[in-house]
Amino acid sequence: MEQYYAVLVAKFLLGILLVFLSPVGLLVGWPAVTILLIAAGLYLAISAYREGSRA
């Protein structure tokens, strides 16, 4: 059971990290990368949070 929660926490933190790294796409001149990083980060963080709140 601890491994299940460890995976959820890792997914949540990875999602937050992707959101904070998203401005890198603007720095290199690729706004699509920024949008994709934000979308992927929000998806990971929200899905991990929702899955954790059900368990």
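Residues numbered from 1 in each chain as written. Predicted model: local features only at pLDDT ≥ 70, side-chain atom pairs only at ≥ 80, totals over all residues. Heavy atoms only, no water.

(A) Summary view of the packing of aromatic side chains. Scanning the model with the defined rule gives one aromatic pair in all. Ring geometry for Y4 and Y5: centres 5.4 Å apart, planes at 70°, overall edge-to-face. Accessibility expressed as a relative area gives 35% for Y5, which makes it partly exposed. (Phe/Tyr/Trp six-rings, centres within 6.5 Å; stacked < 30°, edge-to-face > 60°. Buried < 20%, exposed > 50% of the residue type's maximum accessible area, 1.4 Å probe, protein only.)

(B) Here's a closer look at a nonpolar patch on the surface. A contiguous nonpolar surface patch, about 780 Å² in accessible area, is contributed by L14, L17, L21, V24, L27, V28, W30 and V33. For the nonpolar patch, the element with the most residues is helix α1 (residues 2-21), which contributes three residues. Locating L14 in the fold gives a position in helix α1. (Patch = residues over 30% accessible without salt bridge, like charges linked within 9 Å, V, L, I, M, F, W, Y side chains within 5 Å. Areas by Shrake-Rupley, 256 points an atom, 1.4 Å probe, with all protein chains shown as cover. Salt bridge = Lys/Arg side-chain N within 4 Å of Asp/Glu carboxyl O. Helix = DSSP H or I, 4+ residues; strand = E, 2+ residues; numbered from the N terminus.)

(C) Summary view of helix α3 (residues 31-54). Between its terminal C-alpha atoms α3 stretches 35 Å, which fits the 34 Å expected from 24 residues at 1.5 Å a residue. Listed in full, the buried residues belonging to α3 are T34, G41, L44, A45, S47 and A48. If you follow the buried residues of α3, they end up packed against α1 and α2 (23-27). (Expected span 1.5 Å × (residues − 1). Contact = heavy atoms within 4.5 Å.)

That's the geometry; what it means functionally is another story.
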